[in-house]
Amino acid sequence: MGIARKMREMNEKSSTIRKMFEEGLRMKAQFGVDNVYDFSLGNPDVPPPARFSQILQQVAAEERPGVHSYMPNPGFMATREAVAARVSREQGLKLAGTDVVMNCGAAGALNVIFKAVLDPGDEVLVPAPYFVEYGFYADNHGGVLKTVACDAQFNLDLNAIEAALTPKTKVVLLNSPNNPTGQIYPAAALNELGALLDRASRKFGHRIFMVADEPYRNIVFDNNTVAPFMQASTNTLVASSFSKELSVPGERIGYIAVHPDMEDKEALLSALILGLRILGFVNAPALMQRVVARLDGAAVESGVYAQRLAAFCEVLDAAGLEYVRPKGAFYLFPKTPIADDARFCALLQDERILAVPGRSFGLAGHIRLAFCVEEKVIRASAEGFKRAVAAAGK
Ligand code: PLP
């Protein structure tokens, strides 16, 4: 039919979340929006901070010649410098504007990184469960995604990571706070991992990059903080975006930050910039870059998500579902009462509750619940969860 065989196969495999999304639309049309408990999508519903909207309006009003033109591929220097200042604060290091390459979201940033560092057959190692798109991003650039299990609390298992490294490992990809578990990796584990990867780089005779995917860095609960990846190894790149912390995922604004002391930094930056161009992104959206340059720390209040988390924990406790309390992001990843997570999702769907099976994230026997819906929706789902658990026991 003309469509590449590989794309047809991928389309089949990747259809769970999309099917869930379409099913959600159908159910909402049938039963009414308030009668469907849709926890399937990590699409932030909290409005962007007022400051974002103010700056957006100011920036949009500033018409001058050339304001919509092409720009240097890595972005406006004022924006790169503003992002460098932010990353410097977060990572406890001094980055320059030239260490930052603006991108189309964290997804674009990861694709550009993989384009720059992967040769065909190179491996990207990721702790499971993981954000399912990673497999596609690695494959886009000839890479192969390899997974390694986390421990029962979804923490890094450093022995398992060491055992999973091969001469083909090029990237270890870490996401903290994590989608789908909400786990934040402690500094001690990152530092140990950094030392381990530096030893393995010497052993294999090529660099293994630590790539930190951090779009949830500023959504944390219970006073948790996100440890700085760049303190763990000079071979670190940060991929991030404003999608989640500003509730603007449709605006596609993100960035790559390169460790200031990275070996061969200039060559890597040139490869990243060329990657951005030839993948067809060319540059990150100009209007959003001008907004981001002036944000000055504006972000959505994590408190809204914290309240929803508290409500969801009550709902899950009452239904007798076990979970590891997330430290950040906006997801819960409870165990299913039966091993077949897809079956449990079907039982939930009978109750008009939409969840994604853990197997879509590389760990069956769980479900992912996104709390990008109002607290009242979470509370209203309580009886449905209880009934689905009871039905699973029959
Ligand atoms: N990484 C993780 C772990 C995500 O959950 C997402 C989006 O859900 C992304 C990257 C992509 O984010 P962006 O919208 O900034 O491209």
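Residues numbered from 1 in each chain as written. Predicted model: local features only at pLDDT ≥ 70, side-chain atom pairs only at ≥ 80, totals over all residues.

## Let's talk about the overall build of the protein
A tally of helices and strands in the protein yields 14 helices and 12 strands. Here the protein has a C-alpha radius of gyration of 21 Å; the compact-globule value for 394 residues is 21 Å, and the two agree. With the C-alpha coordinates aligned to their principal axes, the bounding extent of the protein is approximately 60 × 55 × 55 Å. Expressed as a percentage of contacts within the protein between residues at least 6 apart in sequence, the contacts between residues at least 24 apart total 74%. (Helix = DSSP H or I, 4+ residues; strand = E, 2+ residues; numbered from the N terminus. Rg over C-alpha atoms; globule rule 2.2 N^0.38 Å. Contact = placed C-beta atoms within 7 Å.)

## Looking at the site of the ligand
Surrounding the ligand, one finds 13 residues, the nearest of these being Gly105, Ala106, Ala107, Ser241 and Ser243. When residues of the shell around the ligand are assigned to their parent elements, the largest contribution, 3 residues, is made by helix α5 (residues 105–117). Each residue belonging to the shell around the ligand can be placed in one class, and the counts come to 5 nonpolar, 7 polar and 1 charged. (Near = placed C-beta within 6 Å. Nonpolar A, V, L, I, M, F, W, Y, C, P; charged D, E, K, R; others polar.)

## A closer look at the packing of helix α11 (residues 302–319) against helix α14 (residues 382–392)
One can describe the packing of α11 onto α14 by two numbers: an axis separation of 8 Å at closest approach and a directional angle of 30 degrees. As far as their axial angle goes, α14 and α11 are roughly parallel. Seen along the crossing, α11 lies across α14 with a hand that is right-handed. Contacts between α11 and α14 pair Val315, Leu316, Ala318 and Ala319 from the former with Ala382, Phe385, Lys386 and Val389 from the latter. Of the residues contributing to the contact of α11 with α14, the split by class is 7 nonpolar, no polar and 1 charged. (Axes fitted to C-alpha atoms, helices over the stretch in contact; angles between N-to-C directions. Parallel < 35°, antiparallel > 145°, perpendicular 65-115°, else oblique. Left-handed = near helix turned anticlockwise from the far one by under 90°.)

## Notes on α5
Over its 13 residues, α5 runs 19 Å from end to end, which matches the ideal 18 Å to within 8%, given 1.5 Å per residue. The buried fraction of α5 is high, at 13 of 13 residues. (Expected span 1.5 Å × (residues − 1). Buried ≥ 20, exposed ≤ 12 C-beta atoms within 10 Å, placed from the backbone.)

## Considering the nonpolar core
Among the nonpolar cores identified, the biggest contains 114 residues, and Ile113, Ile256 and Phe371 are the most heavily contacted of them. A total of 9 residues in this core trace back to one element, the largest contributor, which is α5. Both domains that meet at this core, namely domain 1 (5–49 + 300–392) and domain 2 (67–292), each give it at least three residues. The residues contacting Phe371, other than those within four sequence positions of it, are Phe39, Tyr305, Arg308, Leu309, Phe312, Phe330 and Ile378. (Core = buried A, V, L, I, M, F, W, Y, C linked by C-beta atoms within 7 Å. Domains from an automatic or database assignment.)

## Considerations on the confidence of the model for the protein
The predicted model of the protein averages 95 in pLDDT, with 100% of residues at 70 or higher. Across the interfaces of the predicted complex, the ipTM metric reaches 0.99, alongside a pTM of 0.96. (pLDDT = per-residue confidence, 0-100.)

## Structural notes on the packing of helix α12 (residues 341–350) against α14
Packing of α12 against α14 leaves a shortest axis separation of 9 Å and a crossing angle of 135 degrees. Classified by the angle their axes make, α12 and α14 are oblique. Judged by the twist between their axes, the crossing of α12 over α14 is right-handed. Between α12 and α14, the residues in contact are Phe344, Leu347 and Leu348 and Ala388, Ala391 and Ala392, respectively. Counted by class, the contact of α12 with α14 contains 6 nonpolar, no polar and no charged residues.

## Examining the sheet that holds strand β12 (residues 367–370)
In space, the 3 strands of this open sheet follow the order β9-β12-β11, with antiparallel pairing throughout. Looking at strand neighbours, the two that pair on one side only are β9 (331–332) and β11 (356–357), the edges of this open sheet. Alignment of β9 against β12, held across 2 bridges, turns out to be antiparallel. The residue bridging Tyr331 from the neighbouring strand is Ala370, located in β12. (Pairing = 2+ DSSP bridges.)

## Quick look at the sheet that holds strand β7 (residues 236–241)
The 7 strands are arranged β2-β8-β7-β6-β5-β3-β4 in an open sheet whose pairing can be described as mixed. The open sheet has two free edges, formed respectively by β2 (100–103) and β4 (144–149), since each of these has just one partner strand. The sheet shows a mean angle of 25 degrees between the axes of neighbouring strands, direction not considered. Together, β2, β7 and β8 (254–258) form the strand contacts of helix α4 (residues 77–91), whose direction differs from that of β2 by roughly 110 degrees.

## Some remarks on the pairing of β7
Across the 6 residues that make up β7, a large majority, 6, are buried. Here β7 shows a buried face lined by Thr236, Val238 and Ser240 and a second buried face lined by Leu237, Ala239 and Ser241. Both strand β6 (residues 209–213) and β7 contribute to a ladder of 4 bridges, which runs parallel. Each bridged residue has a counterpart across the sheet, and for Met210 the counterpart in β7 is Thr236. Relative to β8, β7 runs antiparallel, the two being bridged by 5 bridges. Following the sheet pairing, Val238 is matched in β8 by Ala257.

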